[in-house]
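# Survey of secondary and tertiary structure
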Amino acid sequence: MKKFNIRKVLDGLTAASSPSSSSQPGGAKENELFPETLQSEHFQLCKTVRHGFPYQPSSMAFDPVQKILAIGTQSGALRLFGQPGVECYCQHESGAAVIQLQFLINEGALVSALADDSVHLWNLRQKRPAVLHSLKFNKERITFCHLPFQSKWLYIGSERGNIHIVNVESFTLSGYTIMWNKAIELSSKAHPGPVVHISDNPMDEGKLIIGFESGIVVLWDLKSKRADYRYTYDEAIHSVAWHHEGKQFICSHSDGTLTVWNIKSPAKPAQTITPHGKQPKDGKKPEPCKPILKVEYKTTRTGDPFMIFSGGLSYDTVGRRPCLTVMHGKSTAVLEMDYPIVDFLTLCETPYSNDFQEPYAVVVLLEKDLVVIDLAQNGYPIFENPYPMTIHESPVTCCEYLADCPVDLIPALYSVGSRQKRQGYSKKEWPISGGNWGLGTQSYPEIIITGHADGSVKFWDASAIMLQVLYKLKTAKVFEKARCKEEKPSTEIVDEDPFAIQLMSWCPESRMLCVAGVSAHIIIYRFSKQEITTEVVQLLEVRLQYELNELESPEGGGDPTTAPPTPITSPSPQTTIPQTHPSTSSNSSDGMRDNVPCLKVRSSPLKQSPGYQVELVVQLVWVSGEPPQQISSLAINSCYGLVVFGNSNGLAVVDYLQKTVLLNLGTVELYGSNDPYQRQPRSPRKNRQPSGGLCDINEGSATSEDHCKSPTSVLMSNHQHFYNGGGRGAKMSRKLSLPTELKPDLVLLSVCAPRAAGPLDNRDNSFSRSRSSSVASIDKESREAITSFYFCETYTRKADGGLTPCLWVGTSLGTVLAISLNMPSAGEQRLLQPVIVSPCGTLIRLKGSILRMAFLDSTGSLLPPAYEPWYEPNAPTNGEERDKVRKRRPVSVSPSTSQELNENQYAVLCSEKQAKVIILPSQTCVFKHNITEASFVLRADVVQINAGICVACFCANGHIMTLRYANSENVWLHQPRPGHVPDLPY
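Predicted, not measured: the structure shown is a model, and the values here were computed from it.

Across its full length, the chain holds 9 helices and 54 strands. A sequence separation of at least 24 residues applies to 60% of the contacts in the chain between residues at least 6 apart. Carbon and sulfur atoms make up 49% of the accessible area of the chain, which totals about 41200 Å².

What follows concerns the side chain of Ser632. By secondary structure assignment, the location of Ser632 is in the loop between β38 (611–620) and β39 (633–637). Within polar-contact distance, the side chain of Ser632 engages the backbone oxygen of Ile786 at 2.4 Å.

Quick look at the packing of aromatic side chains now. Applying the stated criterion to the full structure yields 19 aromatic pairs. Centre to centre, the rings of Phe149 and Tyr352 are 5.0 Å apart; their planes meet at 75 degrees, and the pair counts as edge-to-face. Taken together, the residues Phe149 in the loop between β9 (142–146) and β10 (153–158) and Tyr352 in the loop between β25 (341–348) and β26 (359–366) connect sequence positions 203 residues apart. Ring plane angle 85 degrees and centroid distance 5.3 Å describe the contact between Tyr387 and Trp430, whose orientation is recorded as edge-to-face. With Tyr387 in the loop between β27 (370–374) and β28 (396–403) and Trp430 in the loop between α3 (409–417) and β29 (446–452), this pair connects stretches of sequence that are 43 residues apart. Classification of Tyr387 by relative accessible area gives buried; the value is 1%. Of the aromatic side chains, those joined through ring pairs into one cluster are Phe459, Tyr471, Trp506, Phe527, Tyr612 and Trp870. Note that Lys225 overlies the ring of Tyr176, its terminal NZ or CZ placed 5.2 Å from the centroid. The ring of Phe344 is capped by Lys294, whose NZ or CZ atom sits 5.1 Å from the centre of that ring.

Leaving glycine out, the prevailing phi sign among residues is negative, and the prevailing peptide bond configuration is trans. Following Leu920, the chain continues into Pro921 via a peptide bond in cis, with omega recorded as 10 degrees. In this structure, Lys225 is a non-glycine residue whose phi angle is positive, near 60 degrees. Phi at Lys659 takes a positive value of approximately 55 degrees, unusual for a residue other than glycine. Residue position: Lys659 is located in the loop between β41 (650–655) and β42 (660–666). The exposure class assigned to Lys659 is buried, which follows from its relative accessible area of 12%.

Moving on to the nonpolar core. Among the nonpolar cores identified, the biggest contains 35 residues, and Leu413, Phe459, Val478, Trp506, Tyr525, Tyr612 and Val617 are the most heavily contacted of them. A per-element tally of this core places α3 first, with 5 residues. Excluding its chain neighbours within four sequence positions, the residues that come into contact with Leu413 are Ile447, Phe459, Leu470, Tyr471, Phe527 and Tyr612.

Attention now moves to the pairing of strand β19 (residues 258–262). Of all 5 residues that make up β19, 4 are buried, and the element is covered over most of its length. Of the strand pairs in this sheet, strand β18 (residues 248–253) and β19 are connected by 5 bridges, and their pairing is antiparallel. Each bridged residue has a counterpart across the sheet, and for Gln248 the counterpart in β19 is Asn262. What sits between β18 and β19 in their antiparallel hairpin is a turn of 4 residues, with Gly256 showing a positive phi close to 80 degrees. Sheet topology places β19 next to strand β20 (residues 271–273); 3 bridges connect them, and they run antiparallel. Paired with Val260 across the two strands is Gln271, which belongs to β20.

With antiparallel pairing, the 4 strands of this open sheet are ordered in space as β9-β10-β11-β12. Each of the sheet's edge strands pairs with one partner strand only, and the pair in question is β9 and β12 (172–178). Mean inter-strand twist for the sheet, computed between neighbouring axes without regard to direction, equals 30 degrees.

Bringing the pattern of salt bridges into the picture now. One pass over the structure, following the stated rule, counts 18 salt bridges. One salt-bridge network, in which partners are shared between bridges, spans Lys207, Asp221, Arg226 and Asp228.

So, on to the confidence of the model for the chain. Per-residue confidence for the chain averages 76 on the pLDDT scale, and 72% of its residues sit at or above 70. Residue range residues 967–986 is modelled with pLDDT below 50. Its contacts to residues more than four positions away, or to other chains, number 82 contacts.

Below, the discussion takes up the sheet that holds strand β34 (residues 521–528). Strand order in the open sheet formed by 5 strands is β32-β33-β34-β38-β36, with mixed pairing between adjacent strands. Single-partner strands in this sheet number two, and they are β32 (501–507) and β36 (539–542). Ignoring which end each strand starts from, the neighbouring axes of this sheet average 20 degrees apart. Of the strand pairs in this sheet, β34 and β38 are connected by 8 bridges, and their pairing is antiparallel. Following the sheet pairing, Tyr525 is matched in β38 by Val614. Helix-sheet contacts for α3 involve β32, β34 and β38, and the interaxial angle to β34 is about 100 degrees.

Along strand β40 (residues 642–646), 5 of the 5 residues are buried, which leaves the element largely enclosed by surrounding structure. Here β40 shows two buried faces, one formed by Leu642, Val644 and Gly646 and the other by Val643 and Phe645. Two elements, β39 and β40, share 5 bridges in a ladder whose sense is antiparallel. By the bridge assignment, Asn637 is partnered in β40 with Leu642. Where β39 folds back onto β40 in an antiparallel hairpin, the turn is made up of 4 residues, including Gly641, whose phi is positive at roughly 70 degrees. Here 5 bridges tie β40 to β41, and the two strands are oriented antiparallel to one another. If you follow Val644 over to β41, its bridge partner there is Val653.

Taken together, the side chains of Lys472, Lys474, Lys477 and Lys481 present a region of like positive charge at the surface. By secondary structure assignment, the location of Lys474 is in strand β31 (residues 468–474).

Looking now at α3. Residue pairs three or four apart in sequence face the same way in an α-helix, which turns once every 3.6 residues. Looking at α3, one finds that the buried residues are Leu409, Ile410, Ala412, Leu413, Val416 and Gly417. The buried residues of α3 occupy an angular sector of 160 degrees when projected down its axis, which confines them to one face. Check the buried side of α3 and you find it contacts β29, β30 (456–461), β31, β32, β34 and β38.

So, how was this worked out
- Residues numbered from 1 in each chain as written.
- Predicted model: local features only at pLDDT ≥ 70, side-chain atom pairs only at ≥ 80, totals over all residues.
- Heavy atoms only, no water.
- Helix = DSSP H or I, 4+ residues; strand = E, 2+ residues; numbered from the N terminus.
- Contact = heavy atoms within 4.5 Å.
- Areas by Shrake-Rupley, 256 points an atom, 1.4 Å probe, with all protein chains shown as cover.
- Polar contact = N/O pair within 3.5 Å; in protein donor to acceptor, adjacent residues only side chain to side chain.
- Phe/Tyr/Trp six-rings, centres within 6.5 Å; stacked < 30°, edge-to-face > 60°.
- Buried < 20%, exposed > 50% of the residue type's maximum accessible area, 1.4 Å probe, protein only.
- Lys NZ or Arg CZ within 6 Å of the ring centre and 35° of its normal.
- Core = buried A, V, L, I, M, F, W, Y, C linked by side-chain atoms within 4.5 Å.
- Pairing = 2+ DSSP bridges.
- Axes fitted to C-alpha atoms, helices over the stretch in contact; angles between N-to-C directions.
- Salt bridge = Lys/Arg side-chain N within 4 Å of Asp/Glu carboxyl O.
- pLDDT = per-residue confidence, 0-100.
- Patch = residues over 30% accessible without salt bridge, like charges linked within 9 Å, V, L, I, M, F, W, Y side chains within 5 Å.
- Lys, Arg positive; Asp, Glu negative; His and termini not counted.
- Charge placed at Lys NZ, Arg CZ, Asp CG, Glu CD.
- Arc of directions from axis to C-beta.

Here it is as C-alpha cells:
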C-alpha cells in the first residue's frame, strides 16, 4: 500500500454557497485574518480500508500452496486473507451472491461463481485484484463448479442437471457438454435434479464423478463420453468425497447417513453409517437424523483417516448448537459452534488429491465468525484468530479514532496487551500464512478504540491496512456479578447489556481514559505498567436529578420535590472521602427508592493487571423514586484533573485527583438570570416513567412532535467523532472512510442507531419549533440535555483581558455556555486546595443541538486542550518516575491582553443545523451558515487539512459536507458531496 494521499480524504467538493447566504452583514470586514490554503482538489472521497467480519458469508476457498483464504459474501464481496497483516477486499459489480470459489492453485488466480449465473476469473497477481474474464449463462442456473489441480478445464454443473466445460485460459465454453439424460440413461425415468457435486478421480483425471440431488451418482468417462457406473440411493445427496486411492468415495445424505461406495460395485454401498443416529437393537434402520450437508475424507500415512462432516445431528437434540463432527478411527468428537456453519475446508499438507493428504487443520466459516481447528493436538483446540474479525464479537456501541498519536503509545499498549493471558488456544502458528507484507504502513500511528455491549473496550492499531488488537479492557470487572435474578441490574434504564459502553473520552498524551455506560455509570482509568491490587474501589455517588419548582402538590400526596441543589464551588478536602460501598436504599413514606445506583460496585479486593487500572467510579443514583437518566456527554482533561459529564437533568464536574464533586447543577441553573426560554414552573410528574430518553414525558404521554426530533434531542448515545484530538495538523484527516454498506464491517463514519429511536427520516429539530413561544412547546423542551463539552484556555467574558481555564458546554437546545475554572498551583497545592468552578454568564445560541466546539488562535490554528504528560503512577516512592516534574503542555495562544482583532481567539461552533464562528472575547458572530434544512447533522468535527481549517459534517441523509474558510470570498463555504452515501440502513 502506498502512502495515503491527504488530497483524497474527502470528496471532490465543487459546489459553494453564495457569500450572501453564508455570511452576516459586516462579516466581510473581519475575514482578512489568515490566508486561504484549501482548494477543491484537496478534497476527494475515496475508499481506504474495510475492517470486521465479512457480512453474510456464503462461500470459501483455500490455496494450499500459497496459503491464502478467500471468502465470498451474499452481496458479491470477496475478502482475501493471508498471514496476519495481509488482507484484501474486492467487489463484484453485479452485487450477486457468491455461491462458490475455486483457486487456480499456486497460479495467483481465482474463479468465482455468482447467483446471477455468471462466472468470473480474478487475477490476484496484480497489486489490486481485478476480473480478467467473465462468462454469463442465460438459460441455465449454475449450481456447482469444479477445477482440478493443474487443469485448464473448469466443470460447471447446472440446475437442469447438465455439465458444461470452460477453458480457463480463454474463458470460453468448449463444445463438450454432458447432458443429464445421457448420464443417467435408464437408471431413472425421472429427472435426477440439479448437479450438487463434480470431481475427478484422484488416480484418473479422465473419470468424473457427478452427483445429482435425487441420490444418483454417475462415474463418467470423458474420453468415451459415456457413463461407466451408476450408483443409486434412496436419499438425496448433499456432497461427495474421494478416498485418495480413487477406489472408493463417500456420500452424505439428507437423512443423516454416510454411504461408502466401491467404484466397481454400484449395486449397493459398501458401508452405511449414521454417526448420530440411535442404533435400534432389533436390527432395523436407525432413526433419521438431520442432513449431513458436507463431508470430507482425508487420509494419513501413519494413522486412521479423518472423516469430517457438518450436520447430521439427531432430531431429538433440540436447542443444540451447530456442530462439526470429526471421526478419527474409533473416536468421534462433536465440536459445537456459536453460529450456523456456512462452509468448512480441511487444510492438508499436499495439494495432490492422489496422495496421503495429512490433514492438520479445519477452517470453519460460520455466519458471524471464522474458526480454525487444530487436528494435530488432543482435544482439537482452535487457533487464536489474528484477523480483526472479533471487532464485532460483542456489538460495537461507540467508537473513537486518533491519528498521529504519541509515538510511544502503541508500543505501550502492545506491551501490556501481549501479557494478557490467552488460554485454551493451539500452540501452533496461524496456518493461513500466505502473502507478503507491503510497504503500506502509514508514516504516522493511528489508533481506533471500540466500546462494546458487554462492557469491554478494545484498542486497535490502525496504522497498517489491517487492524491489530493492542489491548482489551473489561469494565464489568469493577462491578459485582449477579448471582440470581433478584440481583440483576435494574432494568429501568436498559433491558439488556447493563455494562454497555456508551461514551468514551481519552487523553492519549496522559493516557487517561474515561468511559460512561448505559447504567448511568462512569469509570476513570489510569494507565500503569505495574500490577497492583486495589483493596477498595474508589466510588462517588452523584444525585443528578431534574428539579421542578412546585406550584401545587402532586396528586395522591407525597413529599414535594426537593429544592435545586446548591453548586459546590469550594469543597473541603476533609469532606471528600469517597464512599466505599453503595448507599443503602432509604425508603420514604410512599416507598420510593432513593440513593441507589443501578450497578453495585464490588466490595472485594480487585487485582489489576498492567494496563488500564480503575482510578475512580462515579455513579448516578435514584432520586425521589426515579432512576437516573443516561449520560449524554462526557469529557476528561488530564491537565486540570477534571471529568465532566451531563445528561437531560444537568451536569456534574468531578475532580478525580481529590475524588470530589465540584459542581452539580441542573441545566436551567446554568443560565442563572440569562435563561432565554422563560420556562414555566409546574408540578412534578405524578407517575414515574422509565428513563432512557432525553425528552420530557408528561403524564406518560407524548405527542407525535416528540418523535420527529433528531437523535441528539431524543436520545444521545454512542458519540462517534470523525477524528479524535484535533490540532494534529494535516495528518489528522488522512483516514476519513465512507461506508458503502453499514454492516458488521467497521467503518469509521458508521453511526449506531440509538436505542428505541424512531426512523431518522422523520426527525427534524426545527429551530422555530424549539424556540416556540407556546407554553406547551416550552414545557416539552424544558428537559434540556447537555450534549457536548470542550476544555480550553480562553476568554470567558466579554471584558476579559487574559486567558483563563474554561469549560464550554453545549446543550440540546442550541445553547453554548462557559464555566470558569480557577485552578490551584501545580504540585502538592493541586491536591490540597479546592478547584473553584463557576458559571460565568457567557451565552451563545445556535439552531439545533450543539454537536462540536473548537477554538482557533489568531492565525487560524487549532487550539487543543492542555494535557499532562503520562507518568508511571505506581512507581516506587524514590523512583525516577516519581521524581519527574509534571508539566502542562503550553497552549499555542498569544498571551497578549490587547483587544486588537488579530490577538484574539475564534470559537467554532457546530450544531445539527448551523455552524458559527465567534470572536473572543467580544463574542461577536462573524460567520454563520445554515448547514442543512431538510436533514440534520449526525456527527461533526473541526479538522485541519492541508494547513487549512474545515468543519466536516456527516448528515442523516448520507451527505458529507464541509465548511471551509475561503478568504477570497469572505465566507465559510458550504461544499456538499454530490449525491449521497448508498446503502445506508436507515
